[in-house]
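# Per-entry structural report
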Amino acid sequence: MSAVDLDSDAQAMLKVAAGDRQAFAWLFDRYHASVARFAFRFVGDRERAEELTQDIFVKLYRHAGAYKPTARFKTFLFRVATNHCLNEVRRGEYRVSHTSSETPEGEETGAVEMAGPEGDRPDQALAGRELEQVVGAALGDMSARERAAFTMCRFEGMAYRDIAEALEASEAAVKSLIHRATLAVARRIEELQAGTAPARSRA
Amino acid sequence: MSCGFEEDLTAYVDGELPPARREEVTAHLDTCAGCRSTHALLRNTVARLAELPAYEPSSATRRAVMAKLDALPVPWWERLRKWLRPVVLVPSLGLAAAVGVALLLAGPGPDAPPELEDPAVMELAANLEVAEDYEVLGLDSAEDLEVVANLHELEATP
């Protein structure tokens, strides 16, 4: 990729590497929601996701000099985000606390604070809230890498190739991670729809 | 009920298979009821995930991140780089040389000359060895400087 071909993200990131705070703020505004969503799906807790999101952006700023414009910025950002989340979980800083597996009946959690559709269509077997709980339970039971791959794929719409770069894995490995994770979520939804398993119990 | 095609079904739903493999899976689905069922389940799941409530990130994050950036310590190499700017370096080195000559001519005295108490000159003097290192290494980009600044992190990495 030549300098002429640099997209606006890459150009901004090069400015960040030179200490440009405005460029950093611009990138933050563009990607804050994505990173926060990723962190939330990863740890399943709003407050912890907030801390992780802050740390990820500070890390991005401090290591901006490591960015090479040959890599897509979003992929670079998610490599930083993934490494940070995986390391924090590995170090025991964060226990994954996806709400649906362990939350007692009626207790409010980060996951259910989210605004959104309540699934009030009569043809929908699951309300948005129940679906959230089912997906949360499945995410909580996944390995960290499955959860990271699944989140990037399903909630960020990233291509397998980009996920592989972010996870420093092969595309074949990513395909397998996403398949296992999606199948696990599918089974949870299937069980709930069939009424054979409560949303809040581990399978 | 698992067969050799099942592993590819999610990638099939996601449109991530190479064209040749995609055709094989399409043909297989006509003949395998198990895979057809799994495929329908996966497709339904991917569609249902789009119905999840949207996650609303905190609006306070931006302010918190900017405050953390403000609190970051200024790396020593960045401070040094300011001293190495010609507009600072040349007069400072000239001053340091003049002081050195004056000291040689006057001989050692009981009190240090007042010029050496100038914090700028003192810092430059304290870092002259480092400045020479930069010159020897030919480091001229911010990236190279950052590598040097973070050498301790590289050393800590197993």
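Everything discussed here concerns the structure shown above.
The notes below deal with the structure included here. Predicted, not measured: the structure shown is a model, and the values here were computed from it.

Quick look at the overall build of chain A now. Of the regular secondary structure elements, chain A holds nine helices and zero strands. Starting at the N terminus and ending at the C terminus, chain A contains elements arranged as α-α-α-α-α-α-α-α-α. In chain A, which comprises 203 residues, the proportion classed as buried is 53%. Summarising the internal contacts of chain A: among those between residues at least 6 apart in sequence, 65% fall at separations of at least 24. By element, 47% of the accessible surface of chain A is carried by carbon and sulfur atoms, the whole surface being about 8900 Å².

All names here are of chain A. As enumerated under the stated definition, the model contains ten aromatic pairs over all chains in all. Each ring, one from Phe38 and one from Phe78, has its centre 5.4 Å from the other, and the planes form 85°; the classification is edge-to-face. Taken together, the residues Phe38 in helix 2 (residues 21-43) and Phe78 in helix 4 (residues 73-90) connect sequence positions 40 residues apart. Note on Phe38: relative accessible area 0%, which makes it buried. Judged by centre distance (6.1 Å) and plane angle (80°), the rings of Tyr67 and Phe73 are edge-to-face. Residue Tyr67 shares its accessibility class with Phe73, and that shared class is buried. Of the aromatic side chains, those joined through ring pairs into one cluster are Phe24, Phe28, Phe57 and Tyr61. Taking the ring centre of Phe155 as reference, the NZ or CZ of Arg41 above it sits at 4.5 Å. One residue, Arg147, lies across the ring of Phe42, its end atom 4.6 Å from the ring centre.

What follows concerns the environment of Thr26 of chain B. By the element assignment, Thr26 of chain B lies in helix 2 (residues 19-29). The spacing of Thr26 of chain B and Tyr12 of chain B is 14 residues in sequence and 8.7 Å in space, taken between C-alpha atoms.

Further remarks concern the interface of chain B and chain A. Contacts between chain B and chain A engage 38 residues on the former and 53 residues on the latter. Summed over both sides, the interface of chain B with chain A buries roughly 4100 Å², with 59% coming from carbon and sulfur. If you sort the residues of chain B by the area they bury against chain A, Arg48, Pro53 and Tyr55 of chain B come out on top, with a joint share of 18%. Summed over the shared surface of chain B and chain A, the number is five salt bridges. Along the contact surface separating chain B from chain A lie 14 residue pairs in polar contact (both at pLDDT 80 or more). Contributing elements (two or more residues each) for the side of chain B that touches chain A: helix 1 (9-13), helix 3 (33-49), helix 4 (61-71) and helix 9 (142-149) of chain B. Among the residues making up the side of chain B that touches chain A, the classes are represented as 18 nonpolar, six polar and 14 charged.

Here is what the cut-offs are and how they apply
- Residues numbered from 1 in each chain as written.
- Chains lettered and ligands numbered in written order.
- Predicted model: local features only at pLDDT ≥ 70, side-chain atom pairs only at ≥ 80, totals over all residues.
- Heavy atoms only, no water.
- Helix = DSSP H or I, 4+ residues; strand = E, 2+ residues; numbered from the N terminus.
- Buried < 20%, exposed > 50% of the residue type's maximum accessible area, 1.4 Å probe, protein only.
- Contact = heavy atoms within 4.5 Å.
- Areas by Shrake-Rupley, 256 points an atom, 1.4 Å probe, with all protein chains shown as cover.
- Phe/Tyr/Trp six-rings, centres within 6.5 Å; stacked < 30°, edge-to-face > 60°.
- Lys NZ or Arg CZ within 6 Å of the ring centre and 35° of its normal.
- Buried area = accessible area lost by both parts, 1.4 Å probe.
- Salt bridge = Lys/Arg side-chain N within 4 Å of Asp/Glu carboxyl O.
- Polar contact = N/O pair within 3.5 Å; in protein donor to acceptor, adjacent residues only side chain to side chain.
- Nonpolar A, V, L, I, M, F, W, Y, C, P; charged D, E, K, R; others polar.

Scope: geometric values only; no functional claims are made or implied.
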